[in-house]
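# Descriptive structure summary
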Amino acid sequence: MERNQMHRRLANMKKSLLDQGFLDEQFLRLEELQDASNPNFVEEVVTLYYRDSARLILNIQQSLDNIPLDFAKLDGHIHQLKGSSSSIGDKKVKNECTKFHEHCHARNADRCMRTFQQLQKDYSILRNKLKTYFQLARQVGPIDMARRPK
C-alpha cells in the first residue's frame, strides 16, 4: 500500500473512532505526547490499560456473580475502570461506567447486569479496532500519528 494511502487510512480510522464515539479528545492528547524518543507511547499506554482493565472486568464479573450484590464493592471496581478508561479516551466504556455507577446507587441489580454486558461489548469492539489501528500506525511511522483528524 502506498504511504500516502496508509496515512489517509490511518487518519480515517482515527476519525471514525472519534465520530462513532469510541474515543474522545483524551486519545488525541496521548498521541500529542508521543515523539521520536518514544514512538510507541500510545500503544504502550493502551496495552497497559487493557492488561489492567481485564483484571477489573473480571472483578466486576465475579462481584456480579455473588448474591446478594455488594453494590459498594461493585461501585469501587467500576470507579477504577472509569478512571482507567478516561485516561486513554475510551469514551463508550467510560459512559457505560457512569450508567453502571448510577445503577449501583439505585441498587438495581438487573440494570447493573445489562449495563455491564454493554460495557463488555464496547470494550471488546474498541480493543479490536485499536489493534488494527496500531498495526497500521506502526507501518505508517510514529511521527504522523499525532496529527488531529480534520
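Residues numbered from 1 in each chain as written. Predicted model: local features only at pLDDT ≥ 70, side-chain atom pairs only at ≥ 80, totals over all residues. Heavy atoms only, no water.

### Things to note about the overall build of the chain
Check the secondary structure of the chain and you find 6 helices and 0 strands. Taken from the N to the C terminus, the helices and strands of the chain come in the order α-α-α-α-α-α. Counting only C-alpha atoms, the chain reaches 55 × 25 × 20 Å along its principal axes. When each of the 150 residues of the chain is scored for burial, the buried share is 40%. (Helix = DSSP H or I, 4+ residues; strand = E, 2+ residues; numbered from the N terminus. Buried < 20%, exposed > 50% of the residue type's maximum accessible area, 1.4 Å probe, protein only.)

### Section: the pattern of salt bridges
The final tally for this structure, using the stated rule, is 6 salt bridges. The closest approach of N and O atoms between Glu31 and Lys14, which form a salt bridge, is 2.7 Å. One end of the pair, Glu31, is in helix H2 (residues 25-33); the other, Lys14, is in helix H1 (residues 3-19), with 17 residues separating them in the sequence. Among the residues examined, Glu31 registers a relative accessible area of 0% and is labelled buried. Overall, Lys14 belongs to the buried group, its relative accessible area being 3%. (Salt bridge = Lys/Arg side-chain N within 4 Å of Asp/Glu carboxyl O.)

### A word on the UniProt feature "modified residue: Phosphohistidine" (unreviewed entry) in the chain
In the numbering used here, UniProt assigns the feature "modified residue: Phosphohistidine" (unreviewed entry) to His79. Here His79 is to be found in helix H4 (residues 71-88). In this structure His79 comes out as exposed when scored by relative accessible area, which is 59%. (UniProt positions renumbered as here; feature names shortened; annotations may be inferred.)

### A few points about the layout of surface pockets
In this structure, the second largest pocket spans a volume of roughly 160 Å³. Looking at the second largest pocket, the residues that line it are Glu43, Val46, Thr47, Tyr50, Arg127, Leu130, Lys131, Phe134 and Arg138. Of all the elements in the fold, those that place two or more residues in the lining of the second largest pocket are helix H3 (41-65) and helix H6 (109-140). Among the elements that take part in the lining of the second largest pocket, H6 stands out by supplying 5 residues, more than any other. Of the residues contributing to the lining of the second largest pocket, the split by class is 4 nonpolar, 1 polar and 4 charged. (1 Å grid on protein atoms, 1.4 Å probe; cavity = no way out; pocket = protein on both sides within 12 Å on 5 of 7 lines; lining within 4 Å. Points joined across faces, edges and corners; volume = space filled by probe spheres on them. Nonpolar A, V, L, I, M, F, W, Y, C, P; charged D, E, K, R; others polar.)

### Examining the packing of H1 against H6
Two numbers describe a pair of packed helices, the interaxial angle and the distance between the axes. Across the interface, H1 lies against H6 with an axial gap of 10 Å and an inter-helix angle of 155°. Put simply, H1 runs roughly antiparallel to H6. Where H1 crosses over H6, the two elements pack in a sense that is left-handed. Residue-level inspection shows Arg3, Met6, His7, Arg9, Leu10, Met13, Lys14 and Leu17 of H1 in contact with H6, the latter providing Leu126, Lys129, Leu130, Thr132, Tyr133, Leu136, Ala137, Gln139 and Val140. Here the residues of the contact of H1 with H6 are counted per class, giving 10 nonpolar, 3 polar and 4 charged. (Axes fitted to C-alpha atoms, helices over the stretch in contact; angles between N-to-C directions. Parallel < 35°, antiparallel > 145°, perpendicular 65-115°, else oblique. Left-handed = near helix turned anticlockwise from the far one by under 90°. Contact = heavy atoms within 4.5 Å.)

### Concerning the nonpolar core
With 39 residues, the main nonpolar core has Leu81, Phe100 and Leu130 as its most contacted residues. The biggest single contributor to this core is H6, with 11 residues. Apart from the residues within four sequence positions on either side, Phe100 is in contact with Ile60, Leu64, Leu74, Ile78, Cys112, Thr115 and Phe116. (Core = buried A, V, L, I, M, F, W, Y, C linked by side-chain atoms within 4.5 Å.)

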